[in-house]
Amino acid sequence: MNVLNHIDAFFSDSTHWQGYDGIPTRVVEHIEYTLLALGIAAAIGLPIGLLTGHTGRGGNTLALVATAARALPSFGLMVLMFVLLGLGMAPVMIPLVVLAVPPILVTTYEAMRSVDPAPVDAARGMGMAEAGVLFRVELPVALPLILSGLRSAAIQIVSTATIAAYVSFGGIGRYIIDGLYQQNYEKVVGGATLVAGMALATLAVFWAIARLTVSRGVRRSS
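Because the structure is predicted, anything quoted here is derived from the model rather than measured. (Residues numbered from 1 in each chain as written. Predicted model: local features only at pLDDT ≥ 70, side-chain atom pairs only at ≥ 80, totals over all residues. Heavy atoms only, no water.)

Bringing the packing of helix 2 (residues 23-55) against helix 7 (residues 130-160) into the picture now. One way to put it is that helix 2 packs onto helix 7 with a least axis distance of 9 Å and a crossing angle of 145°. The way helix 2 lies across helix 7 gives a crossing that is right-handed. The segment helix 2 lies against helix 7, with His30, Thr34, Ala37, Leu38, Ala42, Leu46, Leu50 and His54 engaging Glu130, Val133, Leu134, Glu138, Leu139, Ile146, Leu150, Ala153, Ala154, Ile157 and Val158. The residue makeup of the contact of helix 2 with helix 7, split by class, is 14 nonpolar, three polar and two charged. (Axes fitted to C-alpha atoms, helices over the stretch in contact; angles between N-to-C directions. Helix = DSSP H or I, 4+ residues; strand = E, 2+ residues; numbered from the N terminus. Left-handed = near helix turned anticlockwise from the far one by under 90°. Contact = heavy atoms within 4.5 Å. Nonpolar A, V, L, I, M, F, W, Y, C, P; charged D, E, K, R; others polar.)

Leu38, Val92, Leu96, Ile104 and Leu150 are the most contacted members of the largest nonpolar core, which totals 40 residues. For this core, the elements supplying multiple residues, two or more each, are helix 2, helix 5 (90-113), helix 6 (117-125) and helix 7. In this structure Leu96 touches Ala37, Ile157, Thr160 and Ala161, once residues within four positions along its chain are discounted. By size, the runner-up hydrophobic cluster in this structure holds nine residues, among which are Val158, Tyr175, Leu194 and Met198. (Core = buried A, V, L, I, M, F, W, Y, C linked by side-chain atoms within 4.5 Å. Buried < 20%, exposed > 50% of the residue type's maximum accessible area, 1.4 Å probe, protein only.)

In this structure, Gln183 takes a positive phi of about 55° despite not being glycine. In this fold, Gln183 is placed in the loop between helix 8 (173-182) and helix 9 (185-213).

Here we take up the packing of helix 3 (residues 59-71) against helix 5. Axis separation between helix 3 and helix 5 bottoms out at 9 Å; the angle between their running directions is 155°. In terms of their interaxial angle, helix 3 and helix 5 are classed as roughly antiparallel. The two elements helix 3 and helix 5 meet at a crossing, and its hand is left-handed. Facing Gly59, Leu62, Ala66, Ala69 and Arg70 of helix 3, the residues of helix 5 in contact are Val98, Pro102, Pro103, Leu105, Val106 and Tyr109. (Parallel < 35°, antiparallel > 145°, perpendicular 65-115°, else oblique.)

The subject of this paragraph is a nonpolar patch on the surface. Among the surface-exposed residues, Leu36, Ile40, Ile44, Ile48 and Met89 lie close enough to one another that they form a single nonpolar patch of about 370 Å² accessible area. Within the fold, Ile44 resides in helix 2. (Patch = residues over 30% accessible without salt bridge, like charges linked within 9 Å, V, L, I, M, F, W, Y side chains within 5 Å. Areas by Shrake-Rupley, 256 points an atom, 1.4 Å probe, with all protein chains shown as cover. Salt bridge = Lys/Arg side-chain N within 4 Å of Asp/Glu carboxyl O.)

Let us look at the pattern of salt bridges. All told, the structure shown has five salt bridges when counted by the stated rule. As a salt-bridge pair, Arg26 and Asp21 come within 2.9 Å of each other at their nearest N and O atoms. Each member of the pair, Arg26 as well as Asp21, carries the same accessibility label: buried. A salt bridge links Arg174 to Asp178; the shortest N-O distance between them is 3.0 Å. With Arg174 and Asp178 both in helix 8, this residue pair falls four residues apart, about one helical turn. Asp178 carries the same exposure label as Arg174, and that label is buried. Connected through shared salt-bridge partners, Asp21, Arg26, Glu29 and Lys187 make up one network.

Capping the start of helix 6 is the job of one residue whose side-chain oxygen sits 3.1 Å from the backbone nitrogen of Ala118: Asp116. Positioned one or two residues after helix 6, Gly127 has a phi angle of 90°, which is positive. (Polar contact = N/O pair within 3.5 Å; in protein donor to acceptor, adjacent residues only side chain to side chain.)

Under the counting rule described, the total for this entry stands at three aromatic pairs. Centre to centre, the rings of Phe10 and Tyr175 are 5.2 Å apart; their planes meet at 80°, and the pair counts as edge-to-face. A residue pair is termed long-range when its members are at least 10 positions apart, and Phe10 in helix 1 (residues 3-12) and Tyr175 in helix 8 qualify at 165 residues. Residue Phe10 is classed as buried on the basis of its relative accessible area of 0%. Ring centres of Phe11 and Trp17 lie 6.3 Å apart, and the angle between their planes is 45°; on these two criteria the pair is classed as tilted. Residue Phe11 is classed as partly exposed on the basis of its relative accessible area of 25%. One aromatic cluster is present, formed by Phe10, Phe11, Trp17 and Tyr175 through successive ring pairs. (Phe/Tyr/Trp six-rings, centres within 6.5 Å; stacked < 30°, edge-to-face > 60°.)

Written out as structure tokens, the structure is:
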């Protein structure tokens, strides 16, 4: 049986569309993990990236922290957190947040530093406060690149949140982990297909957000 047959068998099985182990339930769980991890990572990465990018200080430190965080294996970190903290949401969230902070942090910093200094200097020359320069001049121009960092982090979380199933949590990873344990490759392939579909859906969501939030002038110049 080839991959396409596995996919067809998985999605055509009515038992996969109902109950606590149904596709709708697992997809909602996966979305919840993703939104929670992305929200925490954004709450950490965005303010630091905006501030350091605005002031131009701390770029080397950010690069060092991001490199160190990216070197940490998410699965190994999750197992370590599970051993230290026990069963709960924290052992799942910590690796996902650690994974998502670096692209948000570094991309936000780079986005702020790439803003043309001419309008920034003009705004300061007109007496605009630093907060106004940041949020009314720099942020609108840097927004496309900032969104790209959030998009990258979101896709990484969607792909990696499957490890939550290893410590008895739900989400789409449940199909992959259970399928491997049961040697049910229909489940494994179906779960992998759902993850790929969610990653594509994430791209579409951020494309829509960019269309709604980025001004036309900035889109044309970017």
